[in-house]
Amino acid sequence: YVGYQFSRQLRNPLPPGPNGLPLVGNALNVPGSFQWLKFREWSKQYGSFYSLNFFGKTMVVISSPQILSEFTEKRHLNYSERPKLPMAQALRDESGDGKGLLSRRMMRAMLDNPTNLADNIRHWSTSLALKIAYGYETKSGRDEFITLADTVLRQFAHTQKPGAFMVDLLPFLKHVPTWFPGAAFKTTANVYRNNFHEMMDIPFNMVQEQLKRGTAKQSFTTDLLSAEDYSADKDYALKTSAVTIYGGAADTTAGQYHGFLLLMMLYPDARKKAQQELDRVVGPDRLPDYSDRDRLPYLEACIAEAMRCHVVAPLGGMRVAAQDDVYDGFLIPRGALIQPNAWQMAHDPEVYENPMEYIPERWLVPNPPLHPRDGISFGSGRRICPGIVLAESSLFIGTAMFLSLFDIYAVDGSPTFFDQSENGVLDGEPLCHPKPFKSRIKVRSAKAEALVKSIDHEL
Ligand code: HEM
């Protein structure tokens, strides 16, 4: 085997990359958060396609949308699998309405609890996800499904963090007993797995019960459980798909929305321009709805620019090479991890002038640059995010309502610029959210307040 490895690398070397230590390779050089910044630093030396080594496993880091699409689109047959991270696997093993009702509820929560920004947003995005996946209507305030769902999401995000668990780098640890040094992950995995199973089973069983009683609301799960070709042996696949929808939607949408509001606080001129547009198009007597979208180009530009500036999934979606492959003369060995650096693509100074600045106007010219939805924010190829349309419409309705009704201001202790460095405004996690920040949220007028309160009959 070693001879085979050696001879294929003589023919085609691995892509260039930083030297690592014997045995561990580059594992100790990759930081625990903000990995995309380190990846960008290396790309300055090795280009937009280079390789790292983690305990002998190759990771190919790609920071060019064109090269990435060569892998995920042109060669999709070889690069459509996701890597099986043992810790994430441990969780599974053994075992919209037309008017934006949920966004209106979030506005009510913003009016009552303007300081609980992050909680209000999370409640909204989780409610959206639970509604789509299970037709579940969350309660205002504390809701047991939201609590469980949030816990599972946080734990899942932990399993995705490169290097968070030694077992992902040294899979043989799977087989050692719990008392073995480095095997504490087994206890953690048990806790995470139990929560994950509850998250899969409880809402699924709820929908099954509702179907029996004839009270089920339309949802992904309801549709599949009532399909003609449904049979009980599909339950497990169905449960995991529903939970994936929920998992894909909640944290991403919340992070993107939270980042948008932070940018609106830091760039008051852009906020005011978007509000003037809303005032002109929607007026003060009603809330915006989806039908207004085409007439709000400045708001759309603000959303696009927020997506570019704040990339919620900075490392995109990882893939794994199914077979040996050669790209540009370099070997991509079978099993190599393909790691996009979406953050770097969205901040490429060759494509976006002043990439660290928030400039919505860059989207309002005749030939705007590459939109973040096209191969950056939502991935690309066969495993592209299936929730793009939903994500964009939720962001539209949530931001349109917020800006029609509220102002957001910086106060003493608020961040003063969108600092994306390690000590800045972001948490640096693979699903990257703003750190909690100080702000003041104020309803814009008496009419706006009355509009927010008018939704009380829907609560
Ligand atoms: C701002 C919001 C969102 C962002 C930034 C985002 C981003 C992403 C990214 C980068 C991927 C990996 C794609 C790849 O590997 O090429 C992904 C996958 C996925 N997303 Fe989203 N997403 C968002 C919203 C949503 C929503 C609303 C849903 C559900 C309706 C969703 C469901 C999924 C699912 C199920 C996958 C896995 C697809 C697969 O593995 O085949 N996402 N998303």
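Our subject is the structure listed above.
In this numbering scheme, every chain counts its residues from 1 along its sequence in written order. pLDDT decides what is reported in this predicted model: residues at 70 or higher carry local features, side-chain atom pairs at 80 or more are listed and counted, and totals for whole chains, interfaces and linings draw on all residues regardless. Excluded from the side-chain calculation are hydrogens and water; included are all heavy atoms of the structure.

Novice: Explain the coordination of the iron atom of the ligand residue by residue, including any values.
Specialist: Counted as donors are the N, O and S atoms within 2.8 Å of the metal, or 3.2 Å for Na, K and Ca, while water is not among the atoms, so some sites may look incomplete. A lone protein donor binds the iron atom of the ligand: Cys385 (SG), at 2.3 Å. In this text, helices come from DSSP runs of H or I with a minimum length of four residues, and strands from runs of E with a minimum of two, each type numbered from the N-terminal end. Inspection of the secondary structure assignment puts Cys385 in the loop between helix H14 (342-346) and helix H15 (388-405).

Novice: Can you lay out the side chain of Asp235 for me, pointing to particular residues and giving the numbers?
Specialist: Positionally, Asp235 belongs in helix H11 (residues 235-266). No salt bridge is formed by the buried Asp235. Its closest oppositely charged neighbour is Lys239, at 5.9 Å. Under this definition, polar contacts are N or O atom pairs within 3.5 Å; protein pairs additionally need one hydrogen-donor-capable and one acceptor-capable atom, and for neighbouring residues in sequence, both atoms have to be side-chain atoms. Side chain to side chain, Asp235 and Tyr230 meet in a polar contact 2.6 Å long. Dropping the residues within four chain positions of it, Asp235 is found in contact with Phe204, Gln208, Leu225 and Tyr230. Each residue's exposure class comes from its accessible area (1.4 Å probe, protein chains only) as a fraction of the maximum for that residue type: buried when under 20%, exposed when over 50%, partly exposed otherwise. In this tally, Asp and Glu contribute negative charge and Lys and Arg positive charge; neither His nor the terminal groups of the chain are included. A pair is scored as a salt bridge if a Lys or Arg side-chain nitrogen falls within 4 Å of a carboxyl oxygen belonging to Asp or Glu. The contact definition used throughout considers only heavy atoms, calling two residues in contact when any of these lie within 4.5 Å.

Novice: Please give an account of the packing of helix H13 (residues 297-309) against H15 that cites residues and values.
Specialist: Contact geometry of H13 with H15 gives a least axis separation of 10 Å together with a crossing angle of 120°. Between H13 and H15 lies a crossing of right-handed hand. Across the interface between the two elements, Leu299, Glu300, Ile303 and Met307 from H13 touch Glu392, Leu395, Phe396, Thr399, Ala400 and Leu403 from H15. Of the residues belonging to the contact of H13 with H15, the class tally is 7 nonpolar, 1 polar and 2 charged. Only the stretch in contact is used when a helix axis is fitted, and all axes are lines through C-alpha atoms; the angle between N-to-C directions ranges over 0 to 180 degrees. Two helices cross in a left-handed way if the nearer one is turned anticlockwise from the farther one by less than a right angle. They cross in a right-handed way if the turn is clockwise. Following the grouping adopted for this structure description, the nonpolar residues are Ala, Val, Leu, Ile, Met, Phe, Trp, Tyr, Cys and Pro, the charged ones are Asp, Glu, Lys and Arg, and the polar ones are all others, Gly among them.

Novice: Before we move on, could you go through the nonpolar core and cite the residues and values that matter?
Specialist: Buried residues of nine kinds, namely Ala, Val, Leu, Ile, Met, Phe, Trp, Tyr and Cys, make up a nonpolar core once their side-chain atoms join them within 4.5 Å. In this structure, Met110, Tyr257, Phe260, Ile332, Tyr358, Phe402 and Phe406 are the most contacted members of the largest nonpolar core, which totals 96 residues. The element best represented in this core is H15, accounting for 10 residues. In this structure Ile332 touches Pro15, Phe49, Val60, Phe71, Tyr79, Ala321, Gln323, Asp324, Asp325, Tyr327 and Ile338, once residues within four positions along its chain are discounted. Core analysis: the next-biggest nonpolar cluster, separate from the first, contains 24 residues, Ala133, Val152, Val207 and Val243 among them.

Novice: Please provide a residue-by-residue account of the packing of aromatic side chains, values included.
Specialist: Each aromatic pair joins two rings of Phe, Tyr and Trp (for Trp, the six-membered one) with centres within 6.5 Å, and gets the label stacked for planes under 30 degrees apart, edge-to-face for over 60, and tilted for any other angle. Applying the stated criterion across every chain, the model contains 13 aromatic pairs. Centre to centre, the rings of Phe71 and Tyr327 are 5.2 Å apart; their planes meet at 50°, and the pair counts as tilted. Using a relative accessible area of 14% as the deciding quantity, one classes Tyr327 as buried. On the numbers, 4.7 Å between centres and 45° between planes, the contact of Trp124 with Tyr257 is tilted. In this pair, Trp124 is assigned in helix H6 (residues 117-134) and Tyr257 in helix H11, connecting sequence segments 133 residues apart. With respect to burial, Trp124 and Tyr257 carry one shared label: buried. Members of the aromatic cluster, joined through ring pairs, are Phe49, Phe71, Tyr79, Tyr327 and Phe330. Whether a charge sits over a ring comes down to the Lys NZ or Arg CZ being within 6 Å of the ring centre and within 35 degrees of the ring normal. Over the ring of Trp42 we find Lys38, and its NZ or CZ is 5.2 Å from the ring centre. Stacked on the ring of Tyr352, the Lys or Arg Arg308 has its end atom at 5.2 Å from the ring centre.

Novice: With reference to specific residues and values, describe the packing of helix H12 (residues 268-281) against H13.
Specialist: Where H12 meets H13, the axes come as close as 8 Å, and the angle between the chain directions of the two elements is 145°. Once H12 is placed against H13, the crossing between them reads as left-handed. Seen from H12, the contacting residues are Ala270, Lys273, Ala274 and Glu277; seen from H13, they are Pro297, Tyr298, Leu299 and Cys302. Residue composition of the contact of H12 with H13, by class: 6 nonpolar, no polar and 2 charged.

Novice: Please provide a residue-by-residue account of helix H2 (residues 35-46), values included.
Specialist: Under the 1.5 Å per step criterion, the end-to-end length of H2 is 16 Å for 12 residues, consistent within 8% with the ideal 16 Å. Taken together, the buried positions of H2 are Gln35, Trp36, Leu37, Phe39, Trp42 and Ser43. In this fold, the buried residues of H2 make contact with strand S1 (49-54), strand S2 (57-62), strand S6 (337-340) and H14. Gly47 sits one or two positions beyond H2 and adopts a positive phi of about 95°. How far a helix is expected to stretch is found by multiplying one less than its residue total by 1.5 Å.

Novice: Got a sec to walk through unusual backbone geometry? Specific residues and values, please.
Specialist: For Asp328, which is not glycine, the phi torsion reads 55° and is therefore positive. Its place among the elements puts Asp328 in the loop between strand S4 (325-327) and strand S5 (330-332).

Novice: Could you give an account of the pattern of salt bridges, naming the residues involved and the relevant values?
Specialist: As enumerated under the stated definition, the model contains 24 salt bridges in all. We note a salt bridge from Asp407 to Arg444, for which the minimum N-O separation is 3.9 Å. With a gap of 37 residues between them, Asp407 in strand S7 (residues 406-409) and Arg444 in the loop between strand S8 (440-443) and helix H16 (446-453) connect regions that are remote in the sequence. Salt bridges sharing common partners tie together Glu70, Lys74, Arg75 and Asp325.

Novice: Summarise the pairing of S6; cite the residues concerned and give the values.
Specialist: Of the two faces of S6, the one carrying Leu337 and Gln339 and the one carrying Ile338 and Pro340 are both buried. When DSSP finds at least two bridges between two strands, those strands are taken to pair. Examined bridge by bridge, S2 and S6 share 4 bridges and lie parallel to one another. Among the inter-strand pairings, Val61 is bridged to a residue of S6, identified as Gln339.

Novice: Explain the sheet that holds S6 to me, using residue names and the numbers behind them.
Specialist: A sheet is described by the order of its strands in space; here 4 strands give the open sequence S1-S2-S6-S3, paired in mixed fashion. With one partner strand each, in any of the chains shown, S1 and strand S3 (319-320) form the two edges of the open sheet. In terms of strand pairing, S3 meets S6 through 2 bridges, oriented antiparallel. Note on S6: the bridge partner recorded for Arg319 is Ile338. The strands touched by helix H3 (residues 65-74) within the sheet are S1, S2, S3 and S6, with S2 carrying the most contacts at an inclination of about 125°.

Novice: Kindly report on H16, identifying the contributing residues and their values.
Specialist: Those residues of H16 that fall on the buried side of the exposure criterion are Ala448, Leu451 and Val452. Looking straight down H16, one finds that the buried residues subtend no more than 100° of arc, so they occupy a single side. Elements that come into contact with the buried residues of H16 comprise helix H5 (101-112), H15, S7 and S8. Of all possible arcs, the one meant is that of the directions from the helix axis to the C-beta atoms.

Novice: Account for the site of the ligand, with residues named and values stated.
Specialist: Being near a molecule or strand, for a residue, comes down to having at least one heavy atom within 4 Å of it. Close to the ligand lie 21 residues; Arg82, Arg319, Ser380, Arg383 and Cys385 are nearest. Within the backbone of Ser380, an N or O atom sits 3.1 Å from an oxygen atom of the ligand. The element that contributes the greatest number of residues to the shell around the ligand is H11, accounting for 6 residues. Here the residues of the shell around the ligand sort into 9 nonpolar, 9 polar and 3 charged.

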